[in-house]
Amino acid sequence: MKANKTNPALSGSLLNFVKVSGKTLSERYSPFNDWVQARRDLGVWHYSRVLFSPALHQTCIANEFGLKPTEGINFASQDYLGLTYRQELRDAAHAVIDQYGVHSAGSPALCGRTEHLLTLENKLTRLVGHEDCIIYATGWMAGFGVITGLVRDTDTIMIDALSHNCLHEGAKHATSNVQKFTHNDMDQLADKLRNERVQYAERGIFIVVESLYSMDSDSPDLKTIVALAQRYEAIVILDVAHDFGAIGKQGLGLLEQLSPEERKSLVVIGSFSKTFAANGGFVLCSNEVRNYLRFHSASNIFSNAISPMQTAVVNQACDLVFSAEGQVLRGKLLTNIKSLRDAMTINGLLVSGEPSPIVPVFTQGKTEDEALARLTSKNMLLNGLHANLVEFPAVPRGKARFRFQVMATHEAEELKQAAEIMAASREAAMANLQTYLGKC
Ligand SMILES: Cc1ncc(COP(=O)(O)O)c(C=O)c1O
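Model, not experiment: these values are computed from the prediction. (Residues numbered from 1 in each chain as written. Predicted model: local features only at pLDDT ≥ 70, side-chain atom pairs only at ≥ 80, totals over all residues.)

**Q** Looking at this structure, I do not really get the site of the ligand. What am I missing?
**A** Surveying the vicinity of the ligand reveals 14 residues, the closest of which are T138, G139, W140, A241 and S271. The element contributing the most residues to the shell around the ligand is helix α5 (residues 139-150), with three residues. Considering only residue class, the shell around the ligand consists of three nonpolar, nine polar and two charged. (Near = placed C-beta within 6 Å. Helix = DSSP H or I, 4+ residues; strand = E, 2+ residues; numbered from the N terminus. Nonpolar A, V, L, I, M, F, W, Y, C, P; charged D, E, K, R; others polar.)

And the structure:
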């Protein structure tokens, strides 16, 4: 605790700097810069690292400061099936650049959609068995844009407390009637729905959830959510960013648990950035909802469409992800996930949630958790292991964790080594921490 109080580099969070005061830019923003500098000086600023080679299972990453790249095992990139550097995807990108150039040059509401985008919309619609599809420039824009596009201030949103930022931001901007429910607590959701429906017979009620939560690696009871939505005449918005393409026999993630009719009752949001090797987001919905959103979802209308190159990459990625080879890759991914979780446990580290491409590994530093996590992160980079640290406020105080994002292309030996390096980095950080405590 002492170290946290006396060493700014090992204490504080981004949240401390949301409130700013003063009239000049410097008065307002220099306290934040001083804090970042203190962390950089100690080598514990773990944000905005820079890639010096493709985001493969082994890659070269540097701290934002100093820029001395370290070769290492990579769990810090989001590419669950390991498609980033696949020849077919690069060929597709090159071919479409020659055909269309490099820019969409317009909003999807005007003239930004290429024929490849139409192909992609149809492909995704067919794959999931929904009615229609819209493509957004990013998954964040899809989440924010769907909620603000569909929900009005006279409506209520019930949102899982651990939902992604794009969903919370969308909810906040759409209506003042936002009710958070405790993560995955179906009883609480049922109580809230019952109360709301009894009080407001005609009100629009939206339930906002994810299929796989990326901080804890767990999933909701989707069947129950769909049943509750039917009972209380609510509308479900489901974000499938993390499991779509990466999990399940058909690659549809948690959606596989639902019947075709149940799927069609949902508004499904997704991202291409985890499994489909490109920026971009999508929404699967009824034809009526699609027609409405196309002209009422600001992040779709007032922003350029994804580029022809991104579209071509995702089209090609879909063909691969939903093929027999995609199924093999998902099998390898699952084997890797289980091996990494086992290796972490064998090395005395705490892992949470269910097997998924995200393996959250805790530092368990008790009162000095953030400090221990930051020092561990520094050591991991130096020792050739890349994984993103998530600390407060993204997760509760004292629950800092490393998010290992597994790829189908990781090798068995790398998974074993990763756990050993993480354990050794944490041990060394514990010793360092004592030194910092001792000096205070
Ligand atoms: C659940 C969820 N939704 C949306 C997004 C945003 O996706 P994108 O990177 O495509 O903007 C993320 C990204 O991490 C996510 O985890």
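**Q** I'm lost on the nonpolar core in this one. Help?
**A** Most often, soluble globular proteins keep nonpolar side chains buried together rather than apart. With 118 residues, the main nonpolar core has I147, V208, V283, V313, A317 and L340 as its most contacted residues. Counting contributing residues, this core receives three or more from each of domain 1 (87-321) and domain 2 (324-364 + 376-386 + 413-440). (Core = buried A, V, L, I, M, F, W, Y, C linked by C-beta atoms within 7 Å. Buried ≥ 20, exposed ≤ 12 C-beta atoms within 10 Å, placed from the backbone. Domains from an automatic or database assignment.)

**Q** What's the story with the domain arrangement of the chain in this structure? I'm lost.
**A** In many analyses, interface size is given as the accessible surface area lost on bringing the parts together. What the domain assignment lists for the chain is domain 1 (87-321) and domain 2 (324-364 + 376-386 + 413-440). Computed from C-alpha coordinates alone, the two centres of domain 1 and domain 2 are separated by 30 Å. Across the contact, 14 residues belong to domain 1 and twelve residues belong to domain 2. For the side of domain 1 that touches domain 2, the residue count by class is six nonpolar, five polar and three charged. (Contact = placed C-beta atoms within 7 Å.)

**Q** Teacher, can you tell me more about the sheet that holds strand β1 (residues 50-51) here?
**A** Hydrogen bonding along the main chain pairs the strands of a sheet, whether they run parallel or antiparallel. With mixed pairing, four strands are arranged side by side in an open sheet as β1-β2-β3-β12. The open sheet has two edge strands, β1 and β12 (385-386), and neither has a second partner. Here two bridges tie strand β3 (residues 70-74) to β12, and the two strands are oriented parallel to one another. Its bridge partner lying in β12, I73 is registered against L385. (Pairing = 2+ DSSP bridges.)

**Q** Would you mind going over the packing of helix α3 (residues 87-100) against helix α12 (residues 308-321) with me for this structure?
**A** Describing two packed helices takes the angle between their axes plus the distance from one axis to the other. At a minimum axis separation of 8 Å, α3 and α12 run at an interaxial angle of 145 degrees. Considering how the two elements wind past one another, α3 and α12 form a crossing that is right-handed. Contact with α3, carried on its side by E88, L89, A92, A93, A95, V96, I97 and Y100, involves P308, M309, A312, V313, N315, Q316, A317 and L320 of α12 and no other residues of that element. Considered class by class, the residues forming the contact of α3 with α12 number 13 nonpolar, two polar and one charged. (Axes fitted to C-alpha atoms, helices over the stretch in contact; angles between N-to-C directions. Left-handed = near helix turned anticlockwise from the far one by under 90°.)

**Q** Can you walk me through the sheet that holds strand β14 (residues 401-405) in this structure?
**A** Sheet architecture is open: three strands sit in the order β11-β14-β13, paired in antiparallel fashion. Of all the strands in the sheet, just β11 (358-362) and β13 (388-390) have a single pairing partner and so form its edges. Shown here is a sheet whose adjacent strand axes are inclined to one another by a mean of 35 degrees, direction ignored. Pairing between β13 and β14: three bridges, direction antiparallel. If you follow N388 over to β14, its bridge partner there is R403. Of the strands in this sheet, β11 and β14 touch helix α13 (residues 324-346), which is tilted by about 5 degrees from β11.

**Q** Honestly, the pairing of strand β7 (residues 205-210) in this entry has me stumped. Any pointers?
**A** For a regular strand, side-chain orientation follows a simple rule: the groups alternate between the two sheet faces. Counting buried positions over the six residues of β7 gives six, a clear majority of the element. In β7, alternate side chains face the same way, and those of I205, I207 and V209 on one face and F206, V208 and E210 on the other are all buried. Here strand β5 (residues 156-160) pairs with β7 via four bridges, running parallel. Its bridge partner lying in β7, T156 is registered against I205. Crossover handedness for the path β7 to helix α8 (residues 222-231) to strand β8 (residues 235-239): right-handed. (Right-handed = clockwise from strand over helix to strand, strands pointing away.)

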